[in-house]
Amino acid sequence: MSSPRISVIIPTFNHARFIGQCIEGVLNQGHDSLEILVVDDGSTDSTKKVVAGFGDRIRYSYQKNQGQATARAFGIEQTTGELVGLLDSDDYWSDQFLSALLPMFQHPEVAIAFSNHDRVNAVGEAFEPNVFKNERPWLSPYIDPNSKNGWTILDQTQARRLYFSHFPHTPSGALFRRSHLKHLPDKRLRRGDDFLFFMDYVIASKCQVAFCTDVLWHLRTHDTNIRQMNRSYGLLLENDIFAKEELLRKHHPELSRAERSLLKSKIATDYFDWAHGLSVQGAFRQAAVKYGQAALKGKGNTTSLRSILGLLKLPLKRLR
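Rules used throughout
- Residues numbered from 1 in each chain as written.
- Predicted model: local features only at pLDDT ≥ 70, side-chain atom pairs only at ≥ 80, totals over all residues.
- Heavy atoms only, no water.
- Helix = DSSP H or I, 4+ residues; strand = E, 2+ residues; numbered from the N terminus.
- Rg over C-alpha atoms; globule rule 2.2 N^0.38 Å.
- Buried < 20%, exposed > 50% of the residue type's maximum accessible area, 1.4 Å probe, protein only.
- Contact = heavy atoms within 4.5 Å.
- Areas by Shrake-Rupley, 256 points an atom, 1.4 Å probe, with all protein chains shown as cover.
- Lys, Arg positive; Asp, Glu negative; His and termini not counted.
- Charge placed at Lys NZ, Arg CZ, Asp CG, Glu CD.
- Phe/Tyr/Trp six-rings, centres within 6.5 Å; stacked < 30°, edge-to-face > 60°.
- Expected span 1.5 Å × (residues − 1).
- Core = buried A, V, L, I, M, F, W, Y, C linked by side-chain atoms within 4.5 Å.
- Patch = residues over 30% accessible without salt bridge, like charges linked within 9 Å, V, L, I, M, F, W, Y side chains within 5 Å.
- Salt bridge = Lys/Arg side-chain N within 4 Å of Asp/Glu carboxyl O.
- Polar contact = N/O pair within 3.5 Å; in protein donor to acceptor, adjacent residues only side chain to side chain.

1. So, the overall build of the protein chain
And step 1. The number of helices and strands found in the protein chain is 13 helices and ten strands.
And step 2. In terms of overall dimensions, the protein chain is globule-like: its C-alpha atoms have a radius of gyration of 21 Å, near the 20 Å expected for 320 residues.
And step 3. Buried positions account for 52% of the 320 residues belonging to the protein chain.
And step 4. Taking all contacts inside the protein chain whose residues are at least 6 apart in sequence as the whole, residues at least 24 apart take part in 74%.
And step 5. Summed over its atoms, the accessible surface of the protein chain is roughly 15000 Å², and 51% of this surface lies on carbon and sulfur atoms.
And step 6. Positive and negative side-chain charges of the protein chain, numbering 41 and 34 respectively, have mean locations separated by a distance of 9 Å.

Take a look at the structure:
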């Protein structure tokens, strides 16, 4: 593949203080066939002004606040690149990101390529230098020990095993082929749409996946996304459960018995985690409901038993 057209879609909401660095990181790639679309999901800060400062190198589209999935879906529909990247506006790429990932798409069966990253704070200082090594030990068995360039290519079976066991990347660190796309991000999800989108992609496309252990982009942790995570923990779990149930519904005939069992087990675990969080908050009635759902979804497995124990430990007087 020689110099493919690449579409970079940047959904954003009130990230004026970060989006300039995000855009500059894309422009610094030096790729000669690049389109960048910023989809503003209802920002009320100076995001539009910051983007305007880049002139006609950036396309800008504003929509009322509908959620990240809607912004991503709109961006995919409005762009034309052979390869697509979904870059969060508070993250940013290293200058070598595209030059490192593009050679992987010379392999015709590879439809997703992603890379390692670090974690940086609001001002871009790294506090976790190597996420794959220090936070994702489950990725180690998949790494090709004979690789001379840091890259591993997973066949269809290996890729499915990895994605079903552990979702290995966020959208900011990946590129994918448009030609293999069969499902857009689900607009019903307000948070956590990336899991369902990439799982849909891997299952439907039956593709190979390439990944690199080199740190090639930067995931930013800051006060805004920490507050959002804390406030919306229940929403995230609700969306995670919805996504897994959608996978079971849409792809049931294509899934192996082991894959279906794994998804159901993960759904039970999500309900258990939700129940535990509610019980810690003192929302005992709601916790009882979620423990009950976890027990039913688990159907006798360890999570089911843990959920029954959790239910029994709730203060009965507070449930009446």
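2. Looking at the packing of aromatic side chains
And step 1. The full count for this structure, using the stated rule, is twelve aromatic pairs.
And step 2. Here the aromatic rings of Phe114 and Phe132 are separated by 6.2 Å at their centres, their planes lie at 75°, and the arrangement is edge-to-face. Placement of the pair is Phe114 in strand 6 (residues 110-120) and Phe132 in helix 5 (residues 131-135), with a sequence separation of 18 residues.
And step 3. The class of Phe114 is buried, set by a relative accessible area of 0%.
And step 4. Judged by its relative accessible area of 6%, Phe132 falls in the buried class.
And step 5. Taking the centre distance of 6.1 Å and the plane angle of 70° together, the rings of Tyr163 and Phe167 count as edge-to-face.

3. Topic: helix 7 (residues 193-205)
And step 1. If you check helix 7, its first and last C-alpha atoms are 18 Å apart, about what 13 residues at 1.5 Å a residue would give, namely 18 Å.
And step 2. Within helix 7, 13 of the 13 residues are buried, leaving the element largely enclosed by the surrounding structure.
And step 3. The first or second residue beyond helix 7 is Lys206, which carries a positive phi of 50°.

4. Overview of the nonpolar core
And step 1. Core analysis: the largest hydrophobic core is formed by 52 residues, its most contacted members being Ile112, Phe114, Tyr163 and Phe176.
And step 2. When residues of this core are assigned to their parent elements, the largest contribution, eight residues, is made by helix 7.
And step 3. In this structure Phe176 touches Ile76, Glu82, Leu83, Val84, Leu86, Phe105, Ala111, Ile112, Leu181, Phe197, Phe198 and Tyr201, once residues within four positions along its chain are discounted.
And step 4. With 31 residues, the next largest nonpolar core counts Val8, Val26, Leu102 and Met104 among its residues.

5. Some points on a nonpolar patch on the surface
And step 1. Among the surface-exposed residues, Leu305, Ile308, Leu309 and Leu312 lie close enough to one another that they form a single nonpolar patch of about 400 Å² accessible area.
And step 2. Topologically, Leu309 is positioned in helix 12 (residues 302-313).

6. Some details on the side chain of Asp41
And step 1. By the element assignment, Asp41 lies in strand 2 (residues 34-41).
And step 2. Comment: no salt bridge for buried Asp41; closest opposite-charge side chain is Arg190, at 5.3 Å.
And step 3. Within the local environment of Asp41, its side chain forms a polar contact with the backbone nitrogen of Gln66, the two atoms lying 2.7 Å apart.
And step 4. Among residues more than four places away in sequence, those in contact with Asp41 are Thr12, Phe13, Gln63, Lys64, Asn65, Gln66, Gly67 and Gln68.

7. Focus: the environment of Leu309
And step 1. Leu309 sits in the partly exposed class, given a relative accessible area of 49%.
And step 2. Expressed as a C-alpha distance, the spacing of Leu309 and Ala295, which sit 14 residues apart in the sequence, is 9.7 Å.

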